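For reference, the chains in residue letters:
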Amino acid sequence: MQASRARLFKEYKEVQREKSADPDIQLVCDDSNIFKWTALIKGPSETPYEGGVFQLAFSVPEQYPLQPPQVRFLTKIFHPNVHFKTGEICLDILKNAWSPAWTLQSVCRAIIALMAHPEPDSPLNCDSGNLLRSGDVRGFQSMAKMYTRLAAMPKKG
Amino acid sequence: MEKTQNYDEIPVEPETEFTAFNIDYEADDDWSNYKDSDVMQQQSAIFEQDAAKFPFVGDKEPLSSLEAEYKSGSPILLEKIKVLSKEYSAIRRTRGDGNCFFRSFMFSYLEHILESQDQAEVERVKINVEKGRKTLQDLGYADFTFEDFFSLFLEQLESVLQGNDDSISHDELVARSRDQSVSDYVVMFFRFITSGEIRKRSEFFEPFILGLSNTTVEQFCKTSVEPMGEESDHVHITALCDALGVTIRVVYLDRSSCDKDGGVSVNHHDFVPTPSDGATTDTSDTGIICSGMVSHVICSDGCKLQSVKSSFKNIDIFSILYLDMKSFNI
């Protein structure tokens, strides 16, 4: 508990210091609870998520950094590896490939990379995975784009 | 913030709205609602059940306990245990949780320092630990990701030396090795050291890694060295031994009979550090290197487990072996 708190505090300081280094990620710690974080990430360019801003919720376990943080999308997203209802993310580093060498910041980077490179063969969102697996890239992109526009972009007018 | 929380705008069925994230899944038997985190929770619950049965580091047992365990097993194994008992007097098991090599090494190294009070060895290994730190920095690891693990190991190293305020007894060393908050941190320290060494000398390790897993060196370190619970292979042991400059002997308790002339001997492999770019190696070359500078680690192929649960095949469990001091003239 004490170790995880100390580590998170170091990450907090690092995030403050490196704020401008990664303009695509805005990582914020809950004012009252250092085990709760949220992040805003920009959808990577040349993907159907481009132009969208997606919110992630981090819940950090007491065993951190020996155990991974729990991360999910709060913003609706149509992606093969994100559960459409819960926002849960299927990413190896959040499961068995986690190691303390990762940080909350680098997890955000990994999630952005996953947005750009979906893994349709291990889908949490089967509809999305099936579109890609059957080669309907256009269908996938238009669905993903629609949800980006509906859920991840500022309201117009 | 509010621009991303316009969830109510999505034209979907009511139950998939924002509040859908807070559904109580436990009350629901629907498998489609069974999340990855549930799987992980179940898995860690199973590990905890196992953990209750066996500590990270067991008690010292006479080698005869190994014999009793394999009583109805392969005759070759029994023969090998007999051969082992000529040289070794006792065994200390570690939990087979994928960290057993590192855990065995941790305990046997710290116990060796505690018993020998070898100040020079501590100074020597500290230099290599600092080299390991530099290696990780050069590889681009942020300091805060590994420094806690380094300082916890250095703390243990200091505390086994007697005569300081924070010196610890042998009992306390056993207790700490069983305490997850210390034990896992030291294991993780070794994983960082190992990963750094492999990546620093990636050209050397690359062919071995290609043979093991068909991935890049970096990918191998990310998936098979740094995560807790990933088992150690020849590559890991070589790297750790080189990085710290500590010799390791692994004795293989398997069912191969290794003598051509019909007799049975026990295979062992010595990992002797190759000094790379001036890493200081232990030079207490007095001929009795076996008396303690070698961490004796035994690797059993766990054939009993194999017959019970085939999914456990190929799992190696490392234990610590104790030399029979009577067989040496010290």
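What counts, and at which threshold
- Residues numbered from 1 in each chain as written.
- Chains lettered and ligands numbered in written order.
- Predicted model: local features only at pLDDT ≥ 70, side-chain atom pairs only at ≥ 80, totals over all residues.
- Heavy atoms only, no water.
- UniProt positions renumbered as here; feature names shortened; annotations may be inferred.
- Helix = DSSP H or I, 4+ residues; strand = E, 2+ residues; numbered from the N terminus.
- Buried < 20%, exposed > 50% of the residue type's maximum accessible area, 1.4 Å probe, protein only.
- Contact = heavy atoms within 4.5 Å.
- Areas by Shrake-Rupley, 256 points an atom, 1.4 Å probe, with all protein chains shown as cover.
- Expected span 1.5 Å × (residues − 1).
- Arc of directions from axis to C-beta.
- Pairing = 2+ DSSP bridges.
- Axes fitted to C-alpha atoms, helices over the stretch in contact; angles between N-to-C directions.
- Phe/Tyr/Trp six-rings, centres within 6.5 Å; stacked < 30°, edge-to-face > 60°.
- Lys NZ or Arg CZ within 6 Å of the ring centre and 35° of its normal.

An unreviewed UniProt entry lists chain B under the name ubiquitinyl hydrolase 1, from Tagetes erecta. Heading Catalytic activity (unreviewed entry) of the UniProt record for chain B holds this comment: "Thiol-dependent hydrolysis of ester, thioester, amide, peptide and isopeptide bonds formed by the C-terminal Gly of ubiquitin (a 76-residue protein attached to proteins as an intracellular targeting signal)."

Labelled according to an unreviewed UniProt entry, chain A appears under the name E2 ubiquitin-conjugating enzyme, originating from Tagetes erecta. The UniProt entry for chain A carries this comment under Sequence similarities (unreviewed entry): "Belongs to the ubiquitin-conjugating enzyme family."

This part is about the overall build of chain B. Counting its secondary structure elements, chain B contains 12 helices and 6 strands. Sorting the 330 residues of chain B into buried and exposed places 45% on the buried side. The long-range share in chain B, meaning contacts at least 24 apart out of those at least 6 apart in sequence, stands at 74%. Total accessible area on chain B is roughly 16,500 Å²; 51% of this is exposed by carbon and sulfur atoms.

The next point concerns helix α1 (residues 2-17) of chain A. Taking 1.5 Å of rise per residue, the 16 residues of α1 of chain A would be expected to cover 22 Å, and the 23 Å separating its terminal C-alpha atoms lies within 8% of that figure. Buried within α1 of chain A are the following residues: S4, R7, L8, E11 and V15 of chain A. Buried positions in α1 of chain A, seen along its axis, are confined to an arc of 100 degrees and lie on one side of it. Across α1 of chain A from its buried face, at more than 90 degrees, point the exposed residues Q2 and R17 of chain A. In this structure, the buried side of α1 of chain A is in contact with β1 (25-29), β2 (36-42) and α2 (104-116) of chain A together with α6 (143-160) of chain B.

Those places that UniProt annotates as "active site" (unreviewed entry) correspond, in this numbering, to C90 of chain A. Mapped onto the fold, C90 of chain A is located in the loop between β4 (70-73) and α2.

Further remarks concern the sheet that holds β4 of chain A. Residues and elements named next belong to chain A. Strands sit in the order β1-β2-β3-β4 across an open sheet of 4 strands; the sheet is antiparallel. Since the sheet does not close on itself, it has two edges, and those belong to β1 and β4, each with one partner. The average undirected angle you get between the axes of adjacent strands in this sheet is 20 degrees. Two elements, β2 and strand β3 (residues 53-59), share 7 bridges in a ladder whose sense is antiparallel. Note on β3: the bridge partner recorded for I41 is F54.

It is worth spelling out helix α10 (residues 217-225) of chain B at this point. Three- or four-residue spacings in an α-helix give side chains the same orientation, since the helix completes a turn every 3.6 residues. Residues and elements named next belong to chain B. Listed in full, the buried residues belonging to α10 are V217, F220, C221, S224 and V225. Summarising the axial view, the buried residues of α10 lie within an arc of 105 degrees, below the 170-degree limit, and thus occupy one face. For α10, the elements touching its buried residues are α8 (180-200), α9 (202-213) and α11 (234-244).

Enumeration over the complete set of coordinates arrives at 24 aromatic pairs over all chains. Here the aromatic rings of Y12 of chain A and W37 of chain A are separated by 6.3 Å at their centres, their planes lie at 65 degrees, and the arrangement is edge-to-face. Of this pair, Y12 of chain A sits in helix α1 while W37 of chain A sits in strand β2, placing them 25 residues apart in sequence. Residues Y64 of chain A and W98 of chain A carry aromatic rings whose centres are separated by 5.8 Å and whose planes lie at 40 degrees to one another, so their mutual orientation is tilted. With Y64 of chain A in the loop between β3 and β4 and W98 of chain A in the loop between β4 and α2, the pair connects residues that are 34 residues apart, well separated along the chain. When sorted by exposure, Y64 of chain A lands in the same class as W98 of chain A, which is buried. For K76 of chain A, the ring lying beneath its charged end belongs to F84 of chain A, and the centroid distance is 4.2 Å. A cation over a ring is seen here: R201 of chain B above F204 of chain B, with NZ or CZ 4.7 Å from the ring centre.

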